[in-house]
Amino acid sequence: MPDSSLFTKIDHVGIAVPDLDAAIAFYRDTFGIVSVHEETNEEQGVREAMLAVGDGSTRIQLLAPLTEESTIAKFIGRNGAGVQQVAYTVTDVEATSAALRAKGLRLLYDAPKRGTSDSRVNFIHPKDAGGVLVELVQPAAAAH
């Protein structure tokens, strides 16, 4: 891996769904991929599930809106259900955010917010990342 890489791996791919329970059942019954973690994130306005693929080091995140005003509800309203973001694991979300800002990229938050399982997260604006919402994830175990 090049020393210049800001990301350590793909953490997960986030998929917006209108009904979390139906989506969990679809992935389980169709693909044999099961939910290994579920939570509600009031601040982000979502109910979510992490599904383990293969050995579990790769994940799919299903995101369902809690309200019609949530970001995920608006995404589904504009685009329909589907891939909403690609998330990368980072060692230090603040340092990575600063490095990206230095390259001229806009991040959605001034400071990281709480993500799944107490991770710390920030997002690169899609207009600065080729139309893709990129999430930066610092897992809780690596938090300072």
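Here, residues in each chain are numbered from 1, in the same order as that chain's written sequence. In keeping with the predicted nature of the model, local features appear solely for residues at pLDDT of at least 70, side-chain atom pairs appear and are counted solely at 80 or more, and the whole-chain, interface and lining totals rest on all residues. Think of the side-chain values as coming from all heavy atoms in the structure, minus any hydrogens and water.

1. Notes on the pairing of strand S4 (residues 58–65)
In the case of a regular strand, side chains alternate between the two sheet surfaces.
Logical step 1: Note on pairing: DSSP must find at least two bridges between two strands before they are called paired. For the purposes of this entry, the term helix denotes a DSSP run of H or I that reaches at least four residues, the term strand denotes a run of E that reaches at least two, and both are numbered from the N terminus. With five bridges joining them, strand S1 (residues 9–16) and S4 adopt parallel strand pairing. In the sheet register, Gly14 faces S4, and the bridge partner there is Gln61.
Logical step 2: Between strand S3 (residues 46–53) and S4, which follow one another and run antiparallel, lie four residues, and Gly54 among them has a positive phi close to 60°.

2. Describing the environment of Glu43
Logical step 1: Locating Glu43 in the fold gives a position in the loop between strand S2 (34–41) and S3.
Logical step 2: Judged by relative accessible area, which is 52%, Glu43 ranks as exposed.
Logical step 3: Taking the C-alpha atoms as reference points, Glu43 and Arg114, 71 residues apart in sequence, are found 8.5 Å from one another.
Logical step 4: Separated by 3.3 Å, the side chains of Glu43 and Lys113 make a polar contact. The cut-offs for exposure are 20% and 50% of the maximum accessible area for each residue type, with area from a 1.4 Å probe on protein chains only; residues under the lower value are buried, those over the upper are exposed, and the others partly exposed. N or O atoms within 3.5 Å of each other form a polar contact, as long as, within protein, one can give a hydrogen and the other can take it, and as long as residues adjacent in sequence are counted only when both atoms are side-chain atoms.

3. Focus: unusual backbone geometry
Logical step 1: Unusually for a residue other than glycine, Ser117 sits at a positive phi of about 55°.
Logical step 2: Secondary-structure assignment places Ser117 in the loop between strand S6 (113–114) and strand S7 (120–124).
Logical step 3: Judged by its relative accessible area of 39%, Ser117 falls in the partly exposed class.
Logical step 4: Within the chain, Asp118 stands out as a residue other than glycine whose phi angle is a positive 65°.
Logical step 5: Relative to the elements of secondary structure, Asp118 occurs in the loop between S6 and S7.

4. A closer look at the confidence of the model for the protein chain
Logical step 1: On average, residues of the protein chain score 93 in pLDDT, and 96% of them are at 70 or above.
Logical step 2: At the level of individual helices and strands, the protein chain shows its lowest average pLDDT in S6, which scores 94, and its highest in helix H1 (residues 20–31), which scores 98. Confidence of the predictor at the level of single residues is given by pLDDT, which spans 0 to 100.

5. Some thoughts on H1
Logical step 1: Expected span of a helix, by definition, is 1.5 Å for each gap between consecutive residues, and there is one gap fewer than residues. The first and last C-alpha atoms of H1 sit 16 Å apart over 12 residues, in line with the 16 Å expected at 1.5 Å per residue.
Logical step 2: Within H1, burial applies to Leu20, Ala23, Ile24 and Tyr27. Projected down its long axis, H1 shows its buried positions confined to an angular sector of 100°, all on one face.
Logical step 3: Taking the backbone nitrogen of Asp21 as reference, a side-chain oxygen 3.1 Å away marks Asp19 as the first, capping residue of H1.
Logical step 4: Positive backbone phi, approximately 75°, marks Gly32, located one or two places after H1. The directions considered for the arc run from the helix axis to the C-beta atoms.

6. So, the sheet that holds S2
Logical step 1: Spatial strand order, S2-S3-S4-S1-S5-S8-S7-S6: eight strands in an open sheet with mixed pairing. Two strands in the sheet have a free side with no partner beyond their single neighbour: S2 and S6.
Logical step 2: Each of S1, S3, S4 and strand S5 (82–89) touches helix H2 (residues 71–79); the most contacted strand, S4, lies at about 90° to it. Any pair of residues with heavy atoms lying within 4.5 Å of one another is described as a contacting pair. Whenever a helix is involved, its axis is fitted only over the stretch in contact; in every case the axis is a line through C-alpha atoms, and angles between N-to-C directions fall within 0 to 180 degrees.

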